[in-house]
Amino acid sequence: MPSAIPRPRPITIAHRGACGYLPEHSLAAKAMAHAMGAEFLEQDLVATRDDQLVVLHDIHIDRVTNVTEHFATRHRDDGRFYARDFTLDEIKQLRLTERTDASGRVVFGARYPGGVSGLSVASFAEELAMVRGLNRSTSRIAGVYPEIKKPQWHHDEGVDVSQLALSTLRAFGYEDKPEQVWLQCFDLAENTRLAESLQCPYRQVQLIADDAWGESATCYAELLAPGGLLQLQGVVAAIGPWLEQLYSLNPDGRVIPTSLVADAATAGLCVHPYTVRADALPPGFNSMSGLLDWLLEQGVDGVFCDFTDQCVSHFDARALAPAATAFKR
């Protein structure tokens, strides 16, 4: 009997770097994720006052930096501090911290200790330079997975984050190696603009949130409805759904898959769900290995993960074929 052909392993996408171990989006977290074997490193992109891109998960900086120690009065009327109100030079004066909630409590208490870390906010260009350096020095190529954050909010602020992102990627030669980039956004209108008006040369990802989160004007319920993903054909190459959109729980707590992965396959789209966290498992799962095995069974193509090493080692243990990435140097 012929042996089965192993299917490619899902790509491991280092969610904000190896942020299970180091403050999110720090260069140290990205270097650790690279060393741990991530196929792609994620960058969330927001703009500064002088139209520079920095790598931060939010347009706000008060819950991941010590901004109040340096610029205590530079908040807006809502009390929040916005990256857009600071120059890159000013932001470089700040130091990253573990993420805190609105009450100032560290969100993931067992991770890197709270307080100032000594690590600074990176610009997008700085991070791309580091990735290029690590790819060269280790002879192991990791791709990049930037996200256009809140594009309409940025447009209202007078800056085009998508154009800046494409220009920066071009400056680092990614147009000659487009397979090393996935470009993601929650906003369908912006993904469409990227594909059509801006002629984006990279594979795009439509992120899917819960409509109650108010992430963008996109109606995610429409995308999740029967046939809804078909409208993404010709715009994006993949979807990035919230983990809990892949299943429901029956009354006894058993996990029941939705049709989302199959619907994506029908539409010709890859599926990269977010976010796998060993210290914050979704309802219905009681172990990291159980969650990863279930995702493998569903046939997802990639996984956003805070704990890069655990994803990589799990896929290694399952003797999966190499990830479907054919990177050129």
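Note that the structure is predicted; figures quoted are calculated from it, not measured.

*Asks:* So what's going on with unusual backbone geometry? Which residues, and what values?
*Replies:* Note on backbone geometry: most residues besides glycine have negative phi, and most peptide bonds are trans. Cis peptide bonds are those with omega within 30 degrees of zero, and the linkage from Tyr274 to Thr275 qualifies with -10°. Inspection of the secondary structure puts Thr275 in the loop between β10 (270-271) and α10 (288-298). Phi is positive for Lys150, which is not a glycine, with a value near 40°. On the basis of relative accessibility, which here comes to 30%, the residue Lys150 falls in the partly exposed class.

*Asks:* I'd love a proper account of the environment of Gly79, names of residues and values included.
*Replies:* Within the secondary structure, Gly79 is located in the loop between α2 (67-70) and α3 (88-91). Overall, Gly79 belongs to the partly exposed group, its relative accessible area being 37%. Sequence-wise, Gly79 and Ile239 are 160 residues apart; in three dimensions their C-alpha atoms are separated by 34 Å.

*Asks:* I'd love a proper account of helix α6 (residues 161-171), names of residues and values included.
*Replies:* Every α-helix carries 3.6 residues per turn, so stepping three or four residues along brings you back to the same face. Restricting attention to buried positions, one finds in α6 the residues Val161, Ser162, Ala165, Leu166, Thr168 and Leu169. Taken down its axis, α6 places every buried residue within 165° of arc, on the same side. A side-chain oxygen of the first residue of α6 lies 3.2 Å from the backbone nitrogen of Ser162; this N-cap is Asp160. At the C-terminal side of α6, Gly173 shows a positive phi close to 80°.

*Asks:* Residues and numbers for the pairing of strand β11 (residues 302-305), please.
*Replies:* The side-chain alternation of β11 yields two buried faces, one formed by Gly302 and Phe304 and the other by Val303 and Cys305. As paired elements, strand β1 (residues 11-14) and β11 share 4 bridges and run parallel to each other. Residue pairing for β11: Ile11 is matched across the bridge by Gly302.

*Asks:* Could you give me a rundown of the packing of aromatic side chains, with the residues and numbers involved?
*Replies:* According to the stated counting rule, one finds 12 aromatic pairs in the structure shown. Look at Phe40 and Tyr145: their rings are 6.2 Å apart centre to centre, the planes differ by 90°, and that puts the pair in the edge-to-face class. Placement of the pair is Phe40 in strand β2 (residues 40-47) and Tyr145 in strand β4 (residues 143-148), with a sequence separation of 105 residues. We note that Phe40, like Tyr145, is buried. Consider the rings of Phe186 and Tyr274, whose centres lie 6.2 Å apart with planes at 90°: the pair is edge-to-face. Note that Phe186 is positioned in the loop between β5 (182-185) and α7 (188-196) and Tyr274 in the loop between β10 and α10, a separation of 88 residues in sequence. With respect to class, Phe186 is no different from Tyr274; both count as buried. Ring pairs connect the aromatic residues Phe40, Tyr145, Trp182 and Phe304, which therefore count as one cluster.

*Asks:* If you had to explain the environment of Phe86 to someone new, which residues and values would you point to?
*Replies:* Along the chain, Phe86 turns up in the loop between α2 and α3. According to the relative accessible area criterion, Phe86 is buried, its value standing at 0%. Separated by 15 residues in the primary sequence, Phe86 and Phe71 have C-alpha atoms spaced 9.6 Å apart. Ignoring anything within four residues of it in the chain, the contact list for Phe86 reads Thr48, Arg49, Asp50, Ile61, Val67, Phe71, Arg74, Phe81 and Ile91.

About the criteria used
Residues numbered from 1 in each chain as written. Predicted model: local features only at pLDDT ≥ 70, side-chain atom pairs only at ≥ 80, totals over all residues. Heavy atoms only, no water. Helix = DSSP H or I, 4+ residues; strand = E, 2+ residues; numbered from the N terminus. Buried < 20%, exposed > 50% of the residue type's maximum accessible area, 1.4 Å probe, protein only. Arc of directions from axis to C-beta. Polar contact = N/O pair within 3.5 Å; in protein donor to acceptor, adjacent residues only side chain to side chain. Pairing = 2+ DSSP bridges. Phe/Tyr/Trp six-rings, centres within 6.5 Å; stacked < 30°, edge-to-face > 60°. Contact = heavy atoms within 4.5 Å.

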